[in-house]
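Structural description and commentary
In case you want the letters, here they are:
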Amino acid sequence: MPGQGSVGERVRNLRLSKHLSQAQLAGTELSDSYISLIESGKRTPTPAVVRLLASRLGCLPEYLSEGIEPEERLHLQVRARHAELALLGGDADQSLAWFDEILDAVDNDPELMKRARWGRARALETMGRGEEAIKALEELREEATRDRGRTGWLPVTIVLARCYRAAGDLGRTLALGESALNRLADLRLLGGEDAAEIGRTLIATYLDRGEPAPAHELAERLLAAGEPDASVMITAYVEASRQALEEGEGGESLYLAEQALALHAGGDQAKAHARLRVTAARTLLPSGASPMDAGKALELLSDAEPILSGMDAAECRIEMARSKVLLGEPATAVRIADGVLADLTAEPRATVTTIRARLMLAQALIADGDREKALTALRAARDELAGLEASRATARVWRELGDLFGTAEDSTAMMDAYRKALESAGLRSSPQHSDIVVNLR
């Protein structure tokens, strides 16, 4: 690895390779004792001294100060951008490999290291390696908390809250999520993409905890604050960036300015608010929801669907099918769920979204009076779900599967699904308690 070690070590190695004494390197401007202190690591040279030493040692100042030649640094900066593009394009494995390569090659470039560590943490989250992602993000959050003049606390907290929810630590999710939302409110950014993202996490967490009232209240608050005009939000982000800078929050100020630039370049604000509408619609669709609430949910979903694609669109249409069941239109719900599954057949393996689509199809078929087809859909969902890694997310799906097997009057399959729900949540059921239906939250 080129340039490994400290500034002093690089100075000493280059001096010896050129057969120079410390006095010869010092010249008339410096003293040989000062060169000795630099080489021993007891003094850090100023930028002016670094430039002077670099000229005498025949290297560039960047090499002495950072241990990386400018061409290599440029290569790593480009690789970091490529890694970020790979992550955005859905290739988290390649993204992680490139971020690891950057971190292996860099030891004295704080900005590039921070960028690579941030990207690596998000790649780990995307790959479902939640514990590793949380560890990496907690380190970044602690650093940001200690030095908020240089490091952005807000984006790390938003992603970390999402990771804690996936891990099932709902208390930690709420603590982090609410602190991030409060900061966004203080910056007058409740209409932006960041608020939509952390809002979705908080709403889903309230629903996980069986608290529909705060979930619905927050959804209403964020939907009311949503700003469809990108130019308005660009101005809001710029003003928030200035406010953060005045408060000494340099890292946060830089992040907010970058968000304004992203919006100016046509960022994902519309998509973020569309995803928020889908999450808000879920607050209106508990079992037994009124036709009025189902109709309101369908309006939100119909507004969101044209903007979404991929898994986001599939999740939206699943909730549209749920709305149709509650509105007394099960045949329409069956067609919607069938369409979702047809679109997802191109996926190489089953996902939680695929399984949720099968469960929705089964629910619609039960409502439409076709019990046998519903059982077929439920058994297919069970087989796919068995192939997924156990987690709190799969535990919730196992529980929903058990509920639907019960509705379809297959008590054996129902109890097996409930046992699997317990196991996925890290619990074990005993034979004498196999008749307990657990409401996992």
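Analysis parameters
Residues numbered from 1 in each chain as written. Predicted model: local features only at pLDDT ≥ 70, side-chain atom pairs only at ≥ 80, totals over all residues. Heavy atoms only, no water. Helix = DSSP H or I, 4+ residues; strand = E, 2+ residues; numbered from the N terminus. Buried < 20%, exposed > 50% of the residue type's maximum accessible area, 1.4 Å probe, protein only. Contact = heavy atoms within 4.5 Å. Areas by Shrake-Rupley, 256 points an atom, 1.4 Å probe, with all protein chains shown as cover. UniProt positions renumbered as here; feature names shortened; annotations may be inferred. Salt bridge = Lys/Arg side-chain N within 4 Å of Asp/Glu carboxyl O. Axes fitted to C-alpha atoms, helices over the stretch in contact; angles between N-to-C directions. Left-handed = near helix turned anticlockwise from the far one by under 90°. Nonpolar A, V, L, I, M, F, W, Y, C, P; charged D, E, K, R; others polar. Parallel < 35°, antiparallel > 145°, perpendicular 65-115°, else oblique. pLDDT = per-residue confidence, 0-100. Core = buried A, V, L, I, M, F, W, Y, C linked by side-chain atoms within 4.5 Å. Expected span 1.5 Å × (residues − 1). Polar contact = N/O pair within 3.5 Å; in protein donor to acceptor, adjacent residues only side chain to side chain.

Our next topic: the overall build of the chain. Looking only at helices and strands, the chain features 23 helices and zero strands. For the chain, buried positions account for 45% of its 441 residues. Taking all contacts inside the chain whose residues are at least 6 apart in sequence as the whole, residues at least 24 apart take part in 60%. As presented, the chain carries roughly 21100 Å² of accessible surface, and 51% of it is formed by carbon and sulfur atoms.

Further remarks concern the UniProt feature "domain: HTH cro/C1-type" (unreviewed entry) in the chain. In this structure's numbering, the residues bearing the UniProt feature "domain: HTH cro/C1-type" (unreviewed entry) are residues 11-64. Taken end to end, residues 11-64 comprises 65% helix and 0% strand; its first and last C-alpha atoms sit 7 Å apart.

Right, let's get into the pattern of salt bridges. Enumeration according to the criterion identifies 33 salt bridges in this entry. Lys135 is paired through a salt bridge with Glu139; the nearest N and O atoms lie 3.0 Å apart. Within this pair, Lys135 and its partner Glu139 are both found in helix α9 (residues 130-146), separated by four residues, close to a single helical turn. Among the residues examined, Lys135 registers a relative accessible area of 55% and is labelled exposed. Glu197 is the partner of Arg200 in a salt bridge, and the nearest nitrogen-oxygen pair spans 3.3 Å. Pair noted here: Arg200 and Glu197 are both in helix α12 (residues 193-208), with a separation of three residues, about one helical turn.

At their nearest, the axes of helix α11 (residues 170-186) and α12 sit 9 Å apart, and the two run at 145° to each other. In terms of crossing hand, the pair formed by α11 and α12 is left-handed. Contact with α11, carried on its side by Leu170, Thr173, Leu174, Gly177, Glu178, Ala180, Leu181 and Leu184, involves Asp194, Ala195, Ile198, Thr201, Leu202, Thr205, Tyr206 and Asp208 of α12 and no other residues of that element. Partitioning the contact of α11 with α12 into residue classes produces nine nonpolar, four polar and three charged.

In a packed pair of helices, the relevant descriptors are the angle between the two axes and the axis-to-axis distance. Between helix α14 (residues 230-246) and helix α15 (residues 250-264), the least distance of the axes is 8 Å, while the angle of their chain directions is 165°. By the angle class used here, α14 and α15 are roughly antiparallel. As α14 packs across α15, the resulting crossing turns out to be left-handed. When α14 is examined against α15, the residues Met233, Ile234, Tyr237, Val238, Ala240, Ser241, Ala244 and Leu245 are found in contact with a partner set consisting of Gly250, Glu252, Ser253, Leu256, Ala257, Gln259, Ala260, Leu263 and His264.

Let us look at the confidence of the model for the chain. Per-residue confidence for the chain gives a mean pLDDT of 89, with 92% of residues at or over 70. Confidence drops under a pLDDT of 50 for residues 429-441, and excluding neighbours within four residues, the segment shows 19 contacts in the predicted structure.

This next bit is on the side chain of Ser323. Looking at the element boundaries, Ser323 is found in helix α18 (residues 310-326). Discounting residues that sit within four places of it in the chain, Ser323 has contacts with Leu285, Ala294, Ala297, Leu298 and Leu301.

Most often, soluble globular proteins keep nonpolar side chains buried together rather than apart. One finds Leu189, Leu256, Leu378 and Leu401 to be the most contacted residues of the largest nonpolar core, which totals 104 residues. Examining the composition of this core, we find that nine residues originate from one element, helix α10 (residues 153-167), more than from any other. In this structure, Leu401 is in contact with Leu359, Leu378, Ala381, Arg382, Leu385 and Ala417, ignoring residues within four places of it in sequence. Within the second largest apolar cluster, 16 residues are counted, among which are Val7, Val49, Ala54 and Leu64.

On to unusual backbone geometry, then. For His19, which is not glycine, the phi dihedral falls at a positive 55°. The residue Arg188 is not glycine, and still its phi comes out positive at about 60°. Assignment of secondary structure puts Arg188 in the loop between α11 and α12.

For α10, built from 15 residues, the straight-helix expectation of 21 Å at 1.5 Å per residue is met to within 8% by its first-to-last C-alpha distance of 21 Å. A large share of α10 lies buried, amounting to 11 of its 15 residues. Within α10 the residues assigned to the buried category are Trp153, Leu154, Pro155, Val156, Thr157, Ile158, Val159, Leu160, Ala161, Cys163 and Tyr164. Here the buried face of α10 lies against α8 (110-126), α9, α11, α12 and α15.

Moving on, we come to the environment of Glu143. With respect to the helices, strands and loops of the structure, Glu143 is situated in helix α9. The exposure class of Glu143 is partly exposed, given its relative accessible area of 28%. Among the polar contacts made by the side chain of Glu143, one reaches the side chain of Arg117 at a distance of 2.8 Å.

Taking 1.5 Å of rise per residue, the 17 residues of α9 would be expected to cover 24 Å, and the 24 Å separating its terminal C-alpha atoms lies within 8% of that figure. Listing the buried residues of α9 in full gives Ala133, Ile134, Ala136, Leu137, Glu138, Leu140, Arg141 and Ala144. Those residues of α9 hidden inside the fold are in contact with α8, α10 and α11.

This paragraph deals with the environment of His273. Its place among the elements puts His273 in helix α16 (residues 269-283). In this structure, the C-alpha to C-alpha distance between His273 and Gly192, residues 81 residues apart in sequence, is 8.2 Å. Setting aside its immediate chain neighbours within four residues, His273 contacts Gly191, Gly192, Ala196, Gly226 and Glu227. Here Gly191 takes part through its backbone oxygen, which lies 2.7 Å from a polar atom of the side chain of His273.

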